[in-house]
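# Close look at the chain arrangement
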Amino acid sequence: MAKCQNLVVSLVLLKTAKMRKIVIALDGYSACGKSSTAKLVASQLGYTYIDTGAMYRAVTLYFYENYIELTNPKAIADALEKIDITFRFNPNTQHSDTYLNNLNVEDEIRKMYISERVSPVSAIAEVRRAMVRQQQKLGKKRGVVMDGRDIGTTVFPDAEVKVFMTADLYTRAFRRQKELIEKDEIVDLDEILENLKTRDRIDTTRAESPLKKAEDAHFLDTTFMTVDEQVEYVLQLATSSIIKINKIEKPLEI
Ligand code: DC
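This report concerns the structure included in the present document. Only a predicted model underlies this, so the values are computations on that prediction, with no experimental measurement involved. Each chain has its residues counted from 1, running along the sequence as written. Restriction of local features to residues with pLDDT of at least 70 applies here, the model being predicted, together with a cutoff of 80 or more for giving and counting side-chain atom pairs; totals for whole chains, interfaces and linings are based on all residues. Each side-chain value is derived from all of the structure's non-hydrogen atoms; neither hydrogens nor water enter the calculation.

### So, the nonpolar core
To define a nonpolar core, start from buried Ala, Val, Leu, Ile, Met, Phe, Trp, Tyr and Cys residues and group those joined through side-chain atoms within 4.5 Å. A 1.4 Å probe rolled over the protein chains alone gives each residue an accessible area, and that area as a share of the maximum for its type sets the label: buried under 20%, exposed over 50%, partly exposed in between. V59, F63, I83, I85, V127 and M131 are the most contacted members of the largest nonpolar core, which totals 35 residues. Going through the elements one at a time, β1 (23-28), α3 (52-65), α4 (73-82), α5 (112-122), α6 (125-138), β6 (144-148) and α7 (151-155) are the ones with two or more residues in this core. Ranked by residues supplied to this core, first place goes to α3 with eight residues. Setting aside residues up to four positions removed in sequence, I83 forms contacts with V59, Y62, F63, L100 and N101. Core analysis: the second largest hydrophobic core is formed by 25 residues, I24, V161, V163 and I242 among them. Think of it this way: any DSSP run of H or I at least four residues long counts as a helix, any run of E at least two long counts as a strand, and we number them from the N terminus. Any two residues whose heavy atoms approach within 4.5 Å are treated as being in contact.

Put into structure tokens, the structure is as follows:
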């Protein structure tokens, strides 16, 4: 409890003072709690949350709707020229929605048919180059929490805080099924398990920036953790880092 209070005190101080900001990179497997954690950490720090998986999902939706063949480099390059992905704050959910060419695709990109197609699309070097460029631009001024697969290794290898998250496969599948049910999509657990296994395989074995733990990342297994505990873990790392780079002395004593 005392530890928690100290954290709250630090956060208040860090938010009110003019501070140098940091980049927080949360990488890891699908459905292990990265985005829930990242959103809450970002809102506590007053930082911007960037869901890089949503960007690959939006590209996948565009390729799907426009019949882009994944084996046709020219079609892929032309398509990437026409894709504009942005994030806009939604006051109803208090979170950002993903827009593809000015259309809100937040719900569509979370559906199972996109999950089934996203890993092969995100393994394409040209797609990755375009997304990484945009992600680096979004985080140029720092003050961002980014979740994905290659943030700590490729997008921001100089991120001040890096966490690599994982969880037991069944736990991840149950969590994903619950999320889908909340959005009225009923999917068999076996189908979700298969999808997670296939995506893990493609994401970890692709040639271009595969999912792997950065050497300097903290390892976090969330199987038996609540979201609040995950958030507190990342916030502790973040506040220590902000205190260090801003050379703040004794910030907890008030
Ligand atoms: O986080 P997510 O499940 O929404 O991500 C969807 C897919 O996008 C994931 O299977 C791999 C890919 N991805 C990636 O290759 N690199 C990232 N930085 C984020 C996601």
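So, next bit.
### Description of the site of the ligand
We define proximity as follows: a residue is near a molecule or strand when any one of its heavy atoms falls within 4 Å of that partner. Every one of the 15 residues lining the ligand counts as a neighbour, but R57, R128, D150, D203 and R206 are closest to it. Pairs of N or O atoms are called polar contacts if they sit within 3.5 Å, as long as, within protein, a hydrogen donor faces a hydrogen acceptor (for residues adjacent in sequence, only side-chain-to-side-chain pairs). Between the ligand and T52 there is a distance of 3.0 Å, counted from a nitrogen atom to a side-chain nitrogen or oxygen. Within the side chain of R206, one N or O atom sits 2.7 Å away from an oxygen atom of the ligand. Shrake-Rupley sampling with a 1.4 Å probe provides the accessible areas, and residues are treated as covered by the protein chains on show and by no other component. Relative to its unbound accessible surface of 450 Å², the ligand loses 96% to contact with the protein. If you tally residues by element for the shell around the ligand, the top one is α3, at four residues. Of the residues that constitute the shell around the ligand, the class distribution is two nonpolar, six polar and seven charged. The residue classification treats Ala, Val, Leu, Ile, Met, Phe, Trp, Tyr, Cys and Pro as nonpolar and Asp, Glu, Lys and Arg as charged. All others, Gly included, are polar.

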